[in-house]
Amino acid sequence: VSVFPQKALEAGRIPEAIVATCFDVGQELLWTATEGGWVSAFDVPTMERHASVHAHDARVLGLKPLLGDMGLLSLSQACLKLHSHGGLQHYACPDEAGDLTCMETDHLGHQVILGRSSNKLSCVDVTRGRIIGDMDTTT
């Protein structure tokens with residue numbers, strides 16, 4: 001089953017490379033992200049497109065579904081975003097340094113820890129989309 005639009009393939013447009021995937025167990029959605037910043041959700045098991053949004057201006061580094069109906073976190077080098085299951089953006093948490101590399105949520109999904117290339121971790125309140133603390137990892 002191809003997840004790419006048939007008309008685009010017939011027109012010779014090659015889809016962007018998928019660089020991240022995750023499965024949302026609660027919503028039964030497969031999420032994908034591309035080099036160009038697109039985030040898409042596909043219904044499982046039919047693989048019908050559920051939603052697609054141009055979430056970031058650059059490569060998506062990670063995806064993380066949240067518990068319940070909270071949605072999906074997506075991360076680029078410069079921004080953390082929260083989207084609904086339908087693709088609507090709830091918030092953007094931009095990073096001035098632009099050195100984000102990875103993310104992980106706590107066991108309840110209330111906070112997300114952001115890794116940085118500058119040997120620093122940042123903690124974000126998922127509900128508000130605000131950085132609530134930083135920690136230097138070199139000491």
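Residues numbered from 1 in each chain as written. Predicted model: local features only at pLDDT ≥ 70, side-chain atom pairs only at ≥ 80, totals over all residues. Heavy atoms only, no water.

*Asks:* Please give an account of a nonpolar patch on the surface that cites residues and values.
*Replies:* Residues Phe-23, Val-25 and Val-44 make up a contiguous nonpolar surface patch of about 260 Å² in total accessible area. Topologically, Phe-23 is positioned in strand E1 (residues 18–24). (Patch = residues over 30% accessible without salt bridge, like charges linked within 9 Å, V, L, I, M, F, W, Y side chains within 5 Å. Areas by Shrake-Rupley, 256 points an atom, 1.4 Å probe, with all protein chains shown as cover. Salt bridge = Lys/Arg side-chain N within 4 Å of Asp/Glu carboxyl O. Helix = DSSP H or I, 4+ residues; strand = E, 2+ residues; numbered from the N terminus.)

*Asks:* An account of the sheet that holds strand E11 (residues 120–125) is requested, with residue identities and associated values reported.
*Replies:* Read across the open sheet, the 4 strands follow the order E9-E10-E11-E12; overall the sheet is antiparallel. Since the sheet does not close on itself, it has two edges, and those belong to strand E9 (100–105) and strand E12 (130–136), each with one partner. Neighbour-to-neighbour, the strand axes of this sheet turn through a mean angle of 25 degrees, independent of strand direction. As defined by bridge partners, E11 adjoins E12 across 6 bridges and the pair is classed as antiparallel. Paired with Asp-125 across the bridge in E12 is Arg-130. (Pairing = 2+ DSSP bridges. Axes fitted to C-alpha atoms, helices over the stretch in contact; angles between N-to-C directions.)

*Asks:* Before we move on, can you summarise the pairing of strand E10 (residues 111–116) with the specific residues and values?
*Replies:* Bridge count for E9 against E10 is 5 bridges, and the pairing is antiparallel. Note that in E10 the partner of Glu-104 across the bridge is Ile-113. Connecting the antiparallel pair E9 and E10 is a turn made up of 5 residues, with Gly-109 showing a positive phi of about 80 degrees. One ladder, built from 5 bridges, connects E10 with E11; its direction is antiparallel.

As far as function goes, none of this settles anything; it's purely spatial.
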